[in-house]
Amino acid sequence: MLMKDLFKKPGNKLESDEQKPKTPSIPDELCVSCPSCSKAVFKAELNESFGVCPSCGHYFKIGARARIDMIADKKSFVEHDAKLTSTNTLAFPEYDEKLEKAKKESKEREAVVTGVCRIGGYPCALFVMEPRFIMGSMGRIVGEKITRLFEYATKKSLPVVGFTVSGGARMQEGILSLLQMAKVSGAVKYHSDAGNLYVAVLTNPTTGGVTASFAMQGDIIIAEPGALIGFAGPRVIEQTILQKLPPNFQRAEYLLQTGFIDGIVERKDQKDYIARILKLHSRGVS
Amino acid sequence: MGAYDKVLAARAKGRPTAVDFIKNIFTDFVEMHGDRRFGDDKAVVAGIAMLGDVPVTVIGLEKGHDLKEKVMRNFGSAHPEGYRKALRQMKLAEKFGRPIVCFVDTAGAYCGVDAESRGQGEAIAENLYEMMTLRTPIVSIFIGEGGSGGALALAVADEVWILSNAFYSVISPEGCASILWKDAKKVREASECLKLTAEDLLWLGAVERIIEEKEDFADVYKNIYFLLIEYLDKYYKSQEKDKEKLLDEMLKKRYKKFRKIGEVS
């Protein structure tokens with residue numbers, strides 16, 4: 001098989017060849033105020049620094065497209081299933097409006113972008129969740145897109161690299177969204193049983209049903225500094241135990257200490273880190 | 001009965017819990033304890049028992065009966081060690097060729113500092129991941145509350161059955177109402193919206209069978225006993241060579257069943 005064949009998209013009539021326009025990672029104004037130190041940061045400066053505040057090191061949330069630009073080799077990303085989008089199957093109140101708003105805000109059709117790319121020259125399948133789409137919540141289309149990606153990667157013996165950011169299962173799709181946890185887990189398991197690598201990168205915040213499924217199923221799990229990672233959100237826990245939580249609780253540094261992740265990797269170093277991991281698993285092929 | 005009435009029925013005081021089902025359906029139950037990692041979670045009851053004349057592994061999320069027992073059982077909300085204890089017993093079931101029967105009754109996995117620090121998310125994720133390819137038949141029966149990921153962690157099964165007054169939901173109706181309408185009192189509306197009743201779940205393909213509740217639960221136990229024997233019969237009757245083929249088919253079917261939830265053509 002030729003190398004370029006690895007990047008062929010699976011036959012899917014829902015797809016089109018058109019590439020979506022890039023969306024800016026940071027609001028359109030020239031300047032933004034850092035939510036952590038309140039200092040004004042130039043947008044251009046923020047783009048230079050991978051969305052990290054130059055003054056205090058705060059990690060701005062960044063969109064899926066900006067992240068793909070940061071991680072994938074230039075022009076190597078080919079999107080899969082770009083047209084798939086959620087519908088209000090259960091006729092849940094206010095969900096249609098919520099979807100419309102999410103599409104407008106994120107300029108995406110769903111809370112995850114999937115496809116194939118190269119990282120440091122190494123081919124891989126890539127999924128990146130989108131925080132501006134209902135907080136990266138997992139409905140049936142998010143589950144479907146990630147499942148398809150793992151199935152594709154299993155067929156093509158490709159490693160999967162996945163960036164998570166999610167509030168958990170999408171309530172508005174009821175049991176259908178809960179069961180995506182089992183569905184994706186099954187696809188991850190079969191990908192793993194076939195001897196393929198899966199690297200999960202947990203970003204702020206990764207919680208609920210995503211933590212309790214594919215976020216925690218990576219062969220290698222890394223996180224961004226300070227990322228909130230947990231099953232229950234801190235507010236729910238505080239309401240349950242009626243106590244304030246310690247400040248670093250459920251943060252990436254805490255998970256490293258308790259043994260649940262392999263490392264914390266700064267945004268600017270992630271591409272090199274992942275490329276190295278892919279090299280270490282490439283058996284001499286690139 | 002509206003959806004919220006069913007939620008109330010599923011939580012009603014005096015409703016039989018997992019240990020009642022175990023006691024009345026199986027014989028020779030021997031309970032096993034601990035996850036060999038941290039401790040023994042009493043919200044999960046696990047062990048080996050006879051179903052008629054064949055051994056099975058039995059696991060239940062147990063809420064307890066009186067207040068003292070409820071506290072001891074943490075009201076049926078398991079910590080990570082509970083899910084790990086369940087998985088340990090499931091792996092032994094696979095090793096010894098025993099089918100697995102799970103009884104699900106929980107408001108959800110426990111939300112607390114200890115549960116989080118010991119990896120609640122990782123523990124549930126591990127169960128979903130491992131159960132999908134476990135080479136032994138799994139039947140999960142929802143007998144009361146089916147609360148979100150904490151219920152699903154014992155329900156990646158070949159057959160999911162549900163009692164007519166039990167429910168299974170991505171979030172509690174109270175949680176849904178307070179997020180959606182900032183008003184926890186709108187539980188009635190939330191219960192309807194979530195499509196969490198046995199009939200809705202059957203329609204959505206989340207469960208395979210509804211088990212009708214009778215005034216007298218003795219009939220329910222007897223019904224479950226016969227349904228289990230009927231379903232598991234082919235696995236017991238098959239010869240060694242055929243059995244592997246049967247298990248291959250079973251695993252394919254298990255994956256496909258979850259795969260088709262939310263599938264888009």
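Residues numbered from 1 in each chain as written. Chains lettered and ligands numbered in written order. Predicted model: local features only at pLDDT ≥ 70, side-chain atom pairs only at ≥ 80, totals over all residues. Heavy atoms only, no water.

Scanning chain A from N- to C-terminus turns up ten helices and nine strands. Buried residues in chain A amount to 57% of all 286 residues. In chain A, 70% of the contacts between residues at least 6 apart in sequence involve partners at least 24 apart. (Helix = DSSP H or I, 4+ residues; strand = E, 2+ residues; numbered from the N terminus. Buried < 20%, exposed > 50% of the residue type's maximum accessible area, 1.4 Å probe, protein only. Contact = heavy atoms within 4.5 Å.)

Turning to the sheet that holds strand β9 (residues 263-264) of chain A, a few remarks are in order. Residues and elements named next belong to chain A. With mixed pairing, the seven strands of this open sheet are ordered in space as β3-β4-β5-β6-β7-β8-β9. What marks the edges here is a single partner per strand, and that holds for β3 (78-80) and β9. Across two bridges, strand β8 (residues 220-223) lies against β9 in parallel orientation. Paired with Ala-223 across the strands is Ile-264, a residue of β9. In the packing of helix α4 (residues 140-155) onto the sheet, the strands contacted are β3, β4 (112-119), β5 (122-129), β6 (160-166) and β7 (198-206), and the crossing angle to β4 comes to about 25 degrees. (Pairing = 2+ DSSP bridges. Axes fitted to C-alpha atoms, helices over the stretch in contact; angles between N-to-C directions.)

Our focus in this paragraph is the domain arrangement of chain A. All names here are of chain A. According to the domain assignment, chain A contains domain 1 (30-60) and domain 2 (62-280). The interface is formed by five residues belonging to domain 1 together with seven residues belonging to domain 2. If you sort the residues of domain 1 by the area they bury against domain 2, Phe-50, Tyr-59 and Phe-60 come out on top, with a joint share of 95%. Linking domain 1 with domain 2 are five residue pairs in polar contact (both at pLDDT 80 or more), by the criterion used here. The class makeup of the residues in the side of domain 1 that touches domain 2 is four nonpolar, one polar and no charged. (Domains from an automatic or database assignment. Buried area = accessible area lost by both parts, 1.4 Å probe. Polar contact = N/O pair within 3.5 Å; in protein donor to acceptor, adjacent residues only side chain to side chain. Nonpolar A, V, L, I, M, F, W, Y, C, P; charged D, E, K, R; others polar.)

Taken residue by residue, the interface counts 51 residues in chain A and 47 residues in chain B. Roughly 4,200 Å² of surface becomes buried between chain A and chain B when both sides are summed, with 72% attributable to carbon and sulfur atoms. On the chain A side of the interface with chain B, the three residues burying the most area are Met171(A), Ile175(A) and Phe231(A), jointly 16% of the side's total. At the boundary of chain A with chain B, the tally comes to two salt bridges. Linking Arg259(B) and Glu151(A) is a salt bridge whose minimum nitrogen-to-oxygen distance equals 2.7 Å. Our enumeration of links across chain A and chain B arrives at 13 residue pairs in polar contact (both at pLDDT 80 or more). A per-element tally of the side of chain A that touches chain B places helix α6 (residues 180-193) of chain A first, with twelve residues. For the side of chain A that touches chain B, a count of residues per class yields 28 nonpolar, 15 polar and eight charged. (Salt bridge = Lys/Arg side-chain N within 4 Å of Asp/Glu carboxyl O.)

Time to look at the pattern of salt bridges. Residues and elements named next belong to chain A. Counted under the stated rule, the structure contains 37 salt bridges over all chains. Glu-108 serves as the salt-bridge partner of Arg-65, at 2.7 Å between the closest nitrogen and oxygen. In this pair, Arg-65 sits in helix α2 (residues 64-71) while Glu-108 sits in the loop between α3 (95-106) and β4, placing the two residues 43 residues apart along the sequence. On the basis of relative accessibility, which here comes to 8%, the residue Arg-65 falls in the buried class. Under the relative-accessibility criterion, Glu-108 is labelled buried at 3%.

All names here are of chain B. Here the structure, examined in full by the defined rule, presents 14 aromatic pairs over all chains. Centre to centre, the rings of Phe-21 and Phe-103 are 5.6 Å apart; their planes meet at 40 degrees, and the pair counts as tilted. With Phe-21 in helix α2 (residues 18-25) and Phe-103 in strand β4 (residues 100-106), this residue pair connects regions lying 82 residues apart in the sequence. Note on Phe-21: relative accessible area 0%, which makes it buried. A relative accessible area of 0% means that Phe-103 is categorised as buried. Aromatic ring contacts, followed pair by pair, group Phe-21, Phe-26, Phe-103, Phe-217 and Tyr-221 into a single cluster. Geometry around Trp-161 places Arg-209 over its ring, the cationic atom sitting 5.6 Å from the centre. (Phe/Tyr/Trp six-rings, centres within 6.5 Å; stacked < 30°, edge-to-face > 60°. Lys NZ or Arg CZ within 6 Å of the ring centre and 35° of its normal.)

What follows covers α2(A). Residue and element names in this part refer to chain A. With seven of its eight residues buried, α2 lies for the most part within the structure. All of the buried residues along α2 are Ala-64, Arg-65, Ala-66, Arg-67, Ile-68, Met-70 and Ile-71. Lining the buried residues of α2 we find β3, β4, β5, β6, β7 and α10 (270-280).

Moving on to the nonpolar core. Grouped together as the largest cluster of nonpolar side chains are 140 residues, with contacts concentrated most on Phe26(B), Phe103(B) and Tyr168(B). Per element, the largest residue contribution to this core is nine residues, and it comes from helix α11 (residues 217-237) of chain B. Judged by nonpolar contacts, the second largest core, of 26 residues, contains Ile68(A), Cys117(A), Val128(A) and Leu278(A). (Core = buried A, V, L, I, M, F, W, Y, C linked by side-chain atoms within 4.5 Å.)

Looking at chain A, pLDDT values average 90 and 89% of them are 70 or higher. In the model, residues 13-20 of chain A has pLDDT below 50 throughout and makes 22 contacts with residues more than four positions away in sequence or in other chains. (pLDDT = per-residue confidence, 0-100.)

Okay, the pairing of β6(A) next. Residues and elements named next belong to chain A. Of all the seven residues making up β6, seven are buried; the element is thus mostly covered by neighbouring parts of the structure. Here β6 shows no split at all, with Val-160, Gly-162, Thr-164 and Ser-166 on one side and Val-161, Phe-163 and Val-165 on the other all buried. Across four bridges, the pairing between β5 and β6 is parallel. Pairing of Phe-127 across the sheet is with Gly-162, part of β6. You can see the chain leave β5, run along α4 and come back into β6, and the turn it takes is right-handed. Pairing analysis gives six bridges linking β6 to β7, with the strands arranged parallel. Within β7, the residue paired with Val-161 across the bridge is Val-199. (Right-handed = clockwise from strand over helix to strand, strands pointing away.)

Here we come to the state of the cysteines. Residues and elements named next belong to chain A. Applying the stated criterion across every chain, the model contains zero disulfides over all chains. Unpaired in this structure, Cys-31 has its nearest cysteine sulfur neighbour in Cys-53, at a distance of 11 Å. Free cysteine Cys-34: the closest other cysteine sulfur is in Cys-56, separated by 3.7 Å. For Cys-34, a relative accessible area of 1% translates into the label buried. (Disulfide = S-S within 2.5 Å.)

Take a nonpolar patch on the surface next. Together, Leu67(B), Val71(B) and Phe75(B) give the surface a local cluster of nonpolar side chains, amounting to about 310 Å² of exposed area. The residue Val71(B) is located in helix α3 (residues 67-72) in this model. (Patch = residues over 30% accessible without salt bridge, like charges linked within 9 Å, V, L, I, M, F, W, Y side chains within 5 Å. Areas by Shrake-Rupley, 256 points an atom, 1.4 Å probe, with all protein chains shown as cover.)

Here we come to the pairing of strand β5 (residues 138-147) of chain B. Residue and element names in this part refer to chain B. Of all ten residues that make up β5, ten are buried, and the element is covered over most of its length. Across six bridges, the pairing between β4 and β5 is parallel. Bridge pairing links Val-101 to Val-139 in β5. Two strands pair when backbone bridges link them, and β5 and strand β6 (residues 159-163) are joined in this way by four bridges, in the parallel orientation. Note that in β6 the partner of Ser-140 across the bridge is Val-160. Looking at chain direction, β5 and strand β7 (residues 167-169) are connected through three bridges and run parallel. Residue pairing in the sheet places Gly-146 in a bridge with Tyr-168 of β7.

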